[in-house]
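Remarks on the overall topology
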Amino acid sequence: MSAKYIGIMEEIKDQLAKGTLISGSKLPSVRQLSEKFSCSKNTVIKAYNELEKEHFIYSVPKSGYYVVNEFQSCENKKNAIDFLSAGPDKDVIPYIEFQHCINQAIDTYKEELFTYSDQQGLYSLRVELMKYLQSLQVFTNPERLFVVSGSQQALNLLVSMPFPNGKNNILIEQPTYFGFIESAIIHKPTTFGIDLTMDGIDLDRLEYIFRNNDIKFFYIVPRFQNPLGHSYTNMEKKKIVELAEKYDVYLVEDDFLGELDPNLKSDPLFSFNPSGRVIFIKSFSKIFLPGLRVATIVLPELMINNFLRYKFSADFNSSVLSQGALDIYLKSGMINGHIKKIKELYHNKMKLLQEACELLLPEHASFTKPPTGFYLSVFLPEGVTAKQVVNLLRERNIYVDDASRMFLPEYKKENLLRLCISQVNESQIKPGIEQLARCINFIDSRKNYFTQYNHLLF
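Everything numeric in this text was worked out from a predicted model, so none of it was measured. Each chain has its residues counted from 1, running along the sequence as written. Local features in this predicted model are restricted to residues of pLDDT 70 or higher, and side-chain atom pairs are both shown and tallied only at a pLDDT of 80 or more, whereas totals for entire chains, interfaces and linings draw on every residue. To obtain the side-chain values, all non-hydrogen atoms of the structure were used and water was disregarded.

1. As for the environment of Leu 417
Note on conventions: DSSP H or I runs of at least 4 residues are helices, E runs of at least 2 residues are strands, and numbering of each starts at the N terminus. Structurally, Leu 417 is set in strand S15 (residues 416-420). Through-space distance from the C-alpha of Leu 417 to that of Asp 401 is 5.7 Å; in sequence the pair is 16 residues apart.

Below, the structure written as structure tokens:
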């Protein structure tokens, strides 16, 4: 194996530093790199394993290796303006409180830590999750709850497993969360899209798709959607549930930011049909601790045994230590104060971001206006691509996300930028948007110059 793996590591790190590889992007396969470097596959695997230990990349079973979303070169990280990273604000993560809960969990669950626990999740945690979900208007029982290793695991399992309706195709909003698109690409179901704007979806179009395309389930993010920040009204949610019931379609509801909703009368899709048409997923990665890797899914009784089988094949059971610590944290009631704090924080950040966009972005660029949440999207002028803006801003140590990966190929748009407010400092929001506006104007003026120049020539 020699030291060739070090050369592979250095090349990948160099591409990360230069921005040739961006966060979330997939790395070349082991076979491709072994051919490129004329080395064994074991050498490449060694390089990837070392990069994973250093938290530059991460692996997805049966998929490959990906760049860690929070990657930034160490020398630039301190002064960066980060509209890219989507984890919770590091300044409000309850490290000390949760450390206490972990220590207590080690004492409380020491026997379970060294044995196989309940495959469905610690029963005591499922009871606490049941109580917690009631604050989100999700009323169920512990027997229908599963603890999963993050919402991504739940989504990946749902894509791959058969449903009681016997159908095979999937419908998603366009654009949507790129992790779901990756699961669809890997498992290869026929996947349809439906256009989403801040005005919602065309419900007539939705009914047409439900009626004619053998839809197994519709994956929907009802509140503060990634990447647009869109939220449905209760009337729209009720209609969507009615259509799903009429055409025997399941709804997979990803309510990852529901706690931030300032509208106390806003209900989840689940509340309109709690008996089993809606599958509800609640992650703690964005509102609490991403590294906890704990989420919960509420399933119809018909699907429990089958989901248990698929979950067993993936990882047998989720981390008992994480489950025990979350159980103690929920029982303590400390999460209530945490939610109150982050609700105000993210609302204020989103308000600052929208004010800056309104004031500074050029007239020929538009942006979405969610009341809160993590995400706001900018639609760039014609002829200005998100990739161009991302690369230009990276040179200025400003990080934004090209949302083209959040579309199916036939829906792809190259002019959509996603801005995330969760980890950017409030004082950096306006300067960051000033630089974004300058980049848009620069690229746009250069485009116009070449258009006029070509016109004179021809």
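2. Quick look at the sheet that holds strand S12 (residues 375-379)
Two strands qualify as a pair provided that DSSP identifies no fewer than 2 bridges between them. Strands sit in the order S11-S12-S15-S14 across an open sheet of four strands; the sheet is antiparallel. Strand pairing shows two members of the sheet lacking a second neighbour, strand S11 (366-367) and strand S14 (401-402), which therefore form its edges. Across two bridges, the pairing between S14 and S15 is antiparallel. Counterpart to Asp 401 in the pairing with S15 is Arg 418.

3. Some remarks on helix H9 (residues 178-187)
Two residues of an α-helix separated by three or four positions point the same way, owing to the 3.6 residues in each turn. When accessible area is computed with a 1.4 Å probe and restricted to protein chains, residues below 20% of their type maximum are described as buried, those above 50% as exposed, and intermediate ones as partly exposed. Looking only at H9, the buried set comprises Phe 178, Gly 179, Phe 180, Ile 181, Ser 183 and Ala 184. Contact criterion: two residues are considered in contact whenever any of their non-hydrogen atoms come within 4.5 Å of each other. Where the residues of H9 are buried, they touch helix H8 (151-160), strand S5 (169-174), strand S6 (191-195) and strand S7 (215-220). Backbone geometry just downstream of H9 places Lys 188 in the positive-phi region, at approximately 60 degrees.

4. Remarks on the packing of helix H5 (residues 95-108) against helix H13 (residues 320-332)
Between two packed helices, what matters for the description is the angle formed by their axes and the separation of those axes. Relative to each other, H5 and H13 sit at 115 degrees, their axes nearing to 8 Å. The handedness of the crossing between H5 and H13 is right-handed. Here H5 contributes Glu 97, Phe 98, Cys 101, Ile 102, Gln 104, Ala 105, Ile 106 and Thr 108 to the contact with H13, which in turn contributes Leu 321, Gly 324, Ala 325, Leu 326, Ile 328 and Tyr 329. Side-chain classes are defined by residue name, with Ala, Val, Leu, Ile, Met, Phe, Trp, Tyr, Cys and Pro counting as nonpolar, Asp, Glu, Lys and Arg as charged, and the others, Gly among them, as polar. Partitioning the contact of H5 with H13 into residue classes produces ten nonpolar, three polar and one charged. For every element, the axis is a line fit to its C-alpha atoms; helices are fit only across the contacting stretch, and the angle between N-to-C directions ranges from 0 to 180 degrees. Working rule for handedness: look at the near helix, and if it is turned counterclockwise from the far one by less than a right angle, call the crossing left-handed; if clockwise, right-handed.

5. Quick word on the side chain of Ser 285
Inspection of the secondary structure assignment puts Ser 285 in the loop between strand S9 (278-283) and strand S10 (295-298). Classification of Ser 285 as buried rests on a relative accessible area of 8%. At 3.3 Å, the side chain of Ser 285 forms a polar contact with the side chain of Arg 293. If near-sequence neighbours (up to four positions away) are discounted, Ser 285 is found in contact with Pro 88, Pro 290 and Arg 293. A 3.5 Å cut-off defines polar contacts: any pair of N or O atoms within that distance qualifies, except that in protein one atom must be a possible hydrogen donor and the other a possible acceptor, and neighbouring residues in sequence count only when both atoms are side-chain atoms.

Shape descriptors only; they carry no functional weight alone.
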